[in-house]
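The residues making up each chain are set out below.
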Amino acid sequence: MTFPWLPRLAGALTAGYGVAVAARPAVMLGPCGWSDDDPALRAVARMVAMRDVASGLAMLAAPTTNALRLAIAARVTADLSDATVLGLALRGRPQRGKAIAVAAGWGLLCGATAATTVRS
């Protein structure tokens, strides 16, 4: 059974999360244990957020199955790199495991949606 709408939904959720973080960086920084008082951290959070918006919209609007799979691959790569970077940045902090799990979980979830695509 295929669910061709599932990667589009994952893309929409990804883009929505990105918009939320861009508007309010504390959405991402808080769970990592970081304060959004630091302008540099807010800037980094917003850069990640805009990447999420772009990759989510790419998943949502991809015109072909191949383009959709490429957008999914970009999303997964970004999430797994986030998990790696957050794992290193949060060494020794209690938020580390949760941050890795959330980032890697989103990557795995988006990656799994690739299996629901049908070759066009």
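Just so you know, these numbers come straight off a predicted model, no measurement behind them.

**Here we look at the overall build of the protein chain**
Here comes step 1: If you tally the helices and strands in the protein chain, you get 5 helices and 0 strands.
Here comes step 2: Going residue by residue from the N terminus, the α and β elements of the protein chain occur as α-α-α-α-α.
Here comes step 3: In terms of C-alpha radius of gyration, the protein chain reaches 15 Å, essentially the compact-globule figure of 14 Å for 120 residues.
Here comes step 4: In terms of its C-alpha atoms, the protein chain occupies a principal-axis envelope of roughly 45 × 25 × 15 Å.
Here comes step 5: By residue count, 35% of the 120 residues in the protein chain fall in the buried class.
Here comes step 6: The contacts of the protein chain with a sequence gap of at least 6 include a subset with a gap of at least 24, amounting to 71%.
Here comes step 7: Counting every atom, the protein chain has about 6,600 Å² of accessible surface; 71% of that belongs to carbon and sulfur.
Here comes step 8: Averaging the locations of the 12 positively and 6 negatively charged side chains of the protein chain gives two centres separated by 8 Å.

**What to know about the nonpolar core**
Looking at soluble globular proteins, one finds that nonpolar side chains tend to be buried together.
Here comes step 1: Core analysis: the largest hydrophobic core is formed by 8 residues, namely Ala10, Met59, Ala62, Leu68, Ala71, Ile72, Val76 and Cys110.
Here comes step 2: Ranked by residues supplied to this core, first place goes to helix H4 (residues 65-89) with 4 residues.
Here comes step 3: If sequence neighbours within four positions are ignored, isoleucine 72 has contacts with Pro7, Met59, Cys110, Gly111, Thr113, Ala114 and Thr117.
Here comes step 4: Ala22, Met28, Leu29 and Val48 belong to the second-largest nonpolar core, a separate cluster that totals 7 residues.

**A closer look at the environment of serine 81**
Here comes step 1: For serine 81, the location among the structural elements is in helix H4.
Here comes step 2: Remark: the alpha-carbon pair of serine 81 and glycine 107, spanning 26 residues in sequence, is separated by 9.4 Å.

**A closer look at the pattern of salt bridges**
Here comes step 1: Enumeration according to the criterion identifies 4 salt bridges in this entry.
Here comes step 2: Across the pair aspartate 52 and arginine 51 runs a salt bridge whose closest N-O atoms are separated by 3.2 Å.
Here comes step 3: Judged by its relative accessible area of 29%, arginine 51 falls in the partly exposed class.
Here comes step 4: Shared partners join several salt bridges into a network, and the residues in it are Arg51, Asp52, Arg75, Asp79 and Asp82.

**Focus on the state of the cysteines**
Here comes step 1: All chains considered together, the criterion is met by 0 disulfides.
Here comes step 2: Of the cysteine sulfurs around cysteine 32, a residue in no disulfide, the closest is that of cysteine 110, at 18 Å.
Here comes step 3: Given the relative accessible area of 6%, cysteine 32 is considered buried.
Here comes step 4: For cysteine 110, a relative accessible area of 0% corresponds to the buried category.

**Comments concerning the side chain of threonine 113**
Here comes step 1: Within the secondary structure layout, threonine 113 lies in helix H5 (residues 96-113).
Here comes step 2: You can call threonine 113 buried: its relative accessible area is 3%.
Here comes step 3: Not counting residues within four places of it along the chain, the set of residues in contact with threonine 113 comprises Leu6, Pro7, Ala10, Met59 and Ile72.

The rules we used
- Counting starts from 1 at the beginning of each chain's written sequence and moves along it residue by residue.
- Since the coordinates come from a predicted model, pLDDT governs what is reported: local features require at least 70, and pairs of side-chain atoms require 80 or more to be given and counted, while whole-chain, interface and lining totals use all residues.
- Side-chain metrics in this entry use all non-hydrogen atoms of the structure; hydrogen atoms and water are not considered.
- Secondary structure elements follow DSSP: runs of H or I no shorter than four residues count as helices, runs of E no shorter than two count as strands, and numbering proceeds from the N terminus.
- Taken over C-alpha atoms, the radius of gyration is set against a globule rule of 2.2 Å times the number of residues to the power 0.38.
- Accessible area is worked out with a 1.4 Å probe on protein chains only. A residue is then buried under 20% of its type maximum, exposed over 50%, and partly exposed in between.
- Any two residues whose heavy atoms approach within 4.5 Å are treated as being in contact.
- Calculation of accessible area relied on Shrake-Rupley with a 1.4 Å probe; when residues are assessed, cover is drawn exclusively from the protein chains displayed.
- Charge counting treats Lys and Arg as positive and Asp and Glu as negative, with His and both chain ends excluded.
- Lys charges are placed at NZ, Arg charges at CZ, Asp charges at CG and Glu charges at CD.
- For this analysis, a nonpolar core means a set of buried residues of the types Ala, Val, Leu, Ile, Met, Phe, Trp, Tyr and Cys, connected via side-chain atoms within 4.5 Å.
- By definition, a salt bridge exists where a carboxyl oxygen of Asp or Glu is found within 4 Å of a side-chain nitrogen of Lys or Arg.
- Disulfides are defined as cysteine sulfur pairs within 2.5 Å.

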